[in-house]
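The primary structure of each chain is shown beneath.
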Amino acid sequence: MTAIAILLLAAGASRRMQGRDKLMEMVPTPDGALPLIRARCDVAQATGLATYVTLPAPDHPRAAVLDTSVTPIHVPDAAEGMAASIRAGIREIGTDIDGVMIVPADMPDLTTADLSTMAAAFIAAPDHIHRATSADGTMGHPVVFPSRCFNALLHIQGDAGARSVLRGEEILPHPLPGTHALTDLDTPEAWASWRATQDQTDAP
C-alpha cells in the first residue's frame, strides 16, 4: 500500500500582515470559526493521512490551537524561508514513506476532497511529481513528491521552496475546482478580498 504524509508549512513569520498572524486569523468551518492553521490541519486530517505541521517554535501561539493528533515540527531556522520548513519536515517524516504532499497553510480554499484527489493521483503514479492546478491549468499547490526526491528536498535553500527540485522533472498536473490551488492569504488586502467573497457566498 502506498503511504503518503501531508506536510503543512506553517512556520512563516507573516511579515506582510502588518503585525497580524495570518495563520491565527479566524475562518468559517462546519464546526464554527477556527484559526486558519487549525482549520487547515482539520481538513488535512480528514483525508486519513498522517499530518505534520511546521511551526516556528514549540511555544508559539499557533501550537496552542492544534489538535494533539497532528505532529508538530519545530523549525528554529524558519527565518531562512520555506526551504527550512521543507527540510525539517522531510527529516521528521523520514524515509519509510512513499511520498509527501506539501501544502502551504495559508490556502483557505483547499478542501479534504482536493487533498484526497492529489493523494489518489499519486497512488496511481507513485514515481512522479504531482502538482495541483487551478481549473484553467495555472500551476499551484499542493505538490506531491515521491520519496526519490527526498534527498534533493533536504538540500534546498532560501525562500523559493522546492522550485529547484521541480526543474527538469516531468510534473503531472491535476486541476482542482476554481482557484483552490492558487488562493493564498498573506496580506490584509488578500484577507479582506477573500472574506468579501465568503460573505457573498453566504448571502441569501
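For the structure, check the block above.
Residues numbered from 1 in each chain as written. Predicted model: local features only at pLDDT ≥ 70, side-chain atom pairs only at ≥ 80, totals over all residues. Heavy atoms only, no water.

Draft legend 1. Spotlight on the packing of aromatic side chains. Evaluation of the coordinates by the stated rule reveals one aromatic pair. Relative to Trp 194, the ring of Trp 191 lies with its centre 5.8 Å away and its plane at 85°, an arrangement referred to as edge-to-face. In this pair, Trp 191 and Trp 194 are both assigned in helix 7 (residues 188-202), three residues apart and thus about one turn of the helix distant. Here the two residues Trp 191 and Trp 194 agree in accessibility, since each one is buried. (Phe/Tyr/Trp six-rings, centres within 6.5 Å; stacked < 30°, edge-to-face > 60°. Helix = DSSP H or I, 4+ residues; strand = E, 2+ residues; numbered from the N terminus. Buried < 20%, exposed > 50% of the residue type's maximum accessible area, 1.4 Å probe, protein only.)

Draft legend 2. Highlighting helix 3 (residues 82-93). Over its 12 residues, helix 3 extends 17 Å from the first C-alpha to the last, a length consistent with the 16 Å expected when each residue adds 1.5 Å. For helix 3, the tally of buried residues reaches nine of 12 residues, placing the bulk of the element in the interior. By the burial criterion, the buried members of helix 3 are Ala 83, Ala 84, Ser 85, Ile 86, Arg 87, Ala 88, Gly 89, Ile 90 and Ile 93. At its buried positions, helix 3 is contacted by strand 1 (4-9), strand 4 (50-55), strand 5 (71-74), strand 6 (99-104) and helix 5 (150-153). Just past helix 3, the residue Gly 94 takes up positive phi, approximately 80°. (Expected span 1.5 Å × (residues − 1). Contact = heavy atoms within 4.5 Å.)

Draft legend 3. Quick look at the environment of Asp 42. Counting through the fold element by element, Asp 42 comes out in helix 1 (residues 36-45). In this structure Asp 42 comes out as partly exposed when scored by relative accessible area, which is 26%. Taking the C-alpha atoms as reference points, Asp 42 and Gly 94, 52 residues apart in sequence, are found 23 Å from one another.

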